[in-house]
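Residues per chain, in single letters:
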Amino acid sequence: MNVAVLGAGRMGTVIAKDLADSPDVSNVIVGDVSRAGLDRCAAFVQSPKLSTAVLDVSDRGALIALMTPVDVVAGALPHAVSFGALEAAIEAKRSLVDLTGSAPERRLALDERAKEAGITILPGCGVAPGLSNILTGHGVRQLDRADEAVILVGGLPQHPTPPLGYRIVFSLESVLASYTKPAKIIQDGQLVEVPSLSGLEPVEFEGIGVCEAFYTDGLATLMFTMPKQGLRNVAEKTVRYPGHAERIIALRECGLLGTDPIMVEGTAITPRRFLSALLTPVLELGEDKDLTVMRVTVTGTKDGGRATVSYEMVDYYDDAQRITSMAKTTAYPCSIACQMIARGDLTAAGVVPVEEAFTPDLFHALADGLARRGVQVRETVTREI
């Protein structure tokens, strides 16, 4: 099979490596606007299967030309340009597995066009959204009736240090944006918005200790699919080390997360962009190592009694391959899904939420694929007597 990867950043590079390392994949072509980024990607992947192409994704013709010869496309683009890739995939009639899941209603609106093109588009198929959604959907299927689902997820440094107890494991600009955007959750059967960083509570993970969790906007397609399954409460919370939310709220209240330009000595400066530029060199992971935690809890009834299905993942930096945990847990679901589509295992047409696309057989194949790559997810089912 031949696969194209759009984007040679942190995640796209690991997707490309995993694809190149897979025996079923014959060729991988990575497109990116930066030649330097492509060269870094090639140096990391180090495979004769890999080729690269300088690509401006705003050039629809060039994007379609890159997609047309391949069997499936992996999208690892910034949110702002990801919709162009969806449109191009439909025109090229090539299935696309996309890491980005923002504005899910806009993505789902392309469903009929994708079906007419005879292709599969999987939006938000990374770690969160992505694996978090898949686990939620599988948990719901384990019960006779589900009524609540809670997702706790976060990328953390293995050793927290000042000033924020956090290190960059993907775009800092995206992280800061998530701290200002209201979080959509399902509450008592209604879609409501709550302030980001609200709902603060302590949570504990084995081997990590006590952390904190707070609402962020991460449900993606779950806000549409879970109410159809009868769930009345669904929410996602971001996990950080204790004290992080308080520090971010202080920055937010000082106006440093704002997006309206302000004039400083005759120069217009956007506070969030300034803060991102200031903090990026301070918060770069560098020689530090990261970890990713996730807990998905689905509650409902089974065989006439209350039951809970939970999934837990604590994943660490890969020392052997020098791959961050965030890149592993984001890239591997995307790579595995691309290969499922190219092999004909995943055949659902249209824009398909991942929580619906991964039927039980495909879910177990995904879990096995992740386990072979060192990412372990533990399932626990408990029933009230």
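All of these numbers come straight from a predicted model, not from anything done at the bench.

With that settled, consider the overall build of the protein chain. Counting its secondary structure elements, the protein chain contains 14 helices and 18 strands. In terms of overall size, the protein chain behaves like a compact globule, its C-alpha atoms giving a radius of gyration of 20 Å where 385 residues would be expected to give roughly 21 Å. C-alpha extents for the protein chain along the principal axes are approximately 65 × 55 × 40 Å. Looking at the protein chain as a whole, 53% of its 385 residues are labelled buried. Partitioning the contacts of the protein chain with sequence separation of at least 6, the portion at a separation of at least 24 is 71%.

Let us look at the sheet that holds strand 3 (residues 50–54). Whenever strands of a sheet pair, they do so through backbone hydrogen bonds, lying parallel or antiparallel. The seven strands lie next to each other as 3-2-1-4-5-6-17, forming an open sheet whose pairing is parallel. In the strand order of this sheet, the two ends are held by strand 3 and strand 17 (350–351), each with one partner. Taken together, the five bridges between strand 2 (residues 27–32) and strand 3 define a ladder with parallel strand orientation. Looking at strand 3, one finds that Asp32 is bridged to Val54. Sheet strands in contact with helix 1 (residues 10–21) are strand 1 (2–6), strand 2, strand 3 and strand 4 (72–75), and its direction is about 170° off that of strand 1.

Counted by the stated rule, this structure contains one cavity of 30 Å³ or more. Here the largest cavity is characterised by a volume of approximately 40 Å³. Looking at the largest cavity, the residues that line it are Gly101, Pro104, Arg107, Pro123, Gly124, Pro129, Asn133, Ala220, Thr221 and Val354.

Our next topic: the nonpolar core. Formed by 69 residues in total, the largest nonpolar core has its most connected members in Ile15, Val28, Val30, Leu122 and Phe358. Ignoring any residue separated from it by four or fewer positions in sequence, one finds Phe358 in contact with Leu122, Ile134, Arg141, Ala337, Met340, Leu346, Phe363 and Leu366.

Across all of its chains, the model carries 20 salt bridges by this definition. With its nearest N and O atoms 2.4 Å apart, the salt bridge here joins Asp319 to Lys289. With Asp319 in the loop between strand 16 (305–316) and helix 12 (325–343) and Lys289 in the loop between helix 11 (271–283) and strand 15 (290–302), this residue pair connects regions lying 30 residues apart in the sequence. Relative accessible area serves as the criterion here: at 35%, Lys289 is assigned to the partly exposed category. Close ionic contact of Arg295 with Glu312 constitutes a salt bridge, the shortest N to O distance being 2.8 Å. With Arg295 in strand 15 and Glu312 in strand 16, this pair connects stretches of sequence that are 17 residues apart. Taking relative accessible area as the criterion, Glu312 reaches 15% and is therefore assigned buried. Through salt bridges that share partners, Asp24, Arg343 and Asp345 make up one connected network.

Next up on the list: the side chain of Arg107. Position of Arg107 relative to the elements: it lies in helix 5 (residues 104–108). Beyond its immediate chain neighbours, meaning those up to four positions away, Arg107 contacts Ser82, Phe83, Leu86, Asp98, Thr100, Gly101, Ser102, Pro123 and Val351.

Glancing now at the packing of helix 1 against helix 2 (residues 35–45). Two packed helices can be described by the angle between their axes and the distance between those axes. Running from N to C, helix 1 and helix 2 point in directions that differ by 35°, and their axes come no closer than 9 Å. Here helix 1 and helix 2 pass one another in a crossing that is right-handed. Contacts from Thr13, Ala16, Lys17 and Ala20 in helix 1 reach Cys41, Phe44 and Val45 in helix 2. Residues of the contact of helix 1 with helix 2, tallied by class, amount to five nonpolar, one polar and one charged.

Time to look at the packing of helix 1 against helix 12. Relative to each other, helix 1 and helix 12 sit at 50°, their axes nearing to 8 Å. Accordingly, the angle class assigned to the pair helix 1 and helix 12 is oblique. Our pair here, helix 1 against helix 12, has a crossing hand that is right-handed. Touching Arg10, Met11, Val14, Ile15, Asp18 and Leu19 of helix 1 are Met326, Ala327, Thr330, Ala331, Tyr332, Cys334, Ser335 and Gln339, all from helix 12. When grouped by side-chain class, the residues that make up the contact of helix 1 with helix 12 number nine nonpolar, three polar and two charged.

Rules behind the numbers
Residues numbered from 1 in each chain as written. Predicted model: local features only at pLDDT ≥ 70, side-chain atom pairs only at ≥ 80, totals over all residues. Heavy atoms only, no water. Helix = DSSP H or I, 4+ residues; strand = E, 2+ residues; numbered from the N terminus. Rg over C-alpha atoms; globule rule 2.2 N^0.38 Å. Buried < 20%, exposed > 50% of the residue type's maximum accessible area, 1.4 Å probe, protein only. Contact = heavy atoms within 4.5 Å. Pairing = 2+ DSSP bridges. Axes fitted to C-alpha atoms, helices over the stretch in contact; angles between N-to-C directions. 1 Å grid on protein atoms, 1.4 Å probe; cavity = no way out; pocket = protein on both sides within 12 Å on 5 of 7 lines; lining within 4 Å. Points joined across faces, edges and corners; volume = space filled by probe spheres on them. Core = buried A, V, L, I, M, F, W, Y, C linked by side-chain atoms within 4.5 Å. Salt bridge = Lys/Arg side-chain N within 4 Å of Asp/Glu carboxyl O. Left-handed = near helix turned anticlockwise from the far one by under 90°. Nonpolar A, V, L, I, M, F, W, Y, C, P; charged D, E, K, R; others polar. Parallel < 35°, antiparallel > 145°, perpendicular 65-115°, else oblique.

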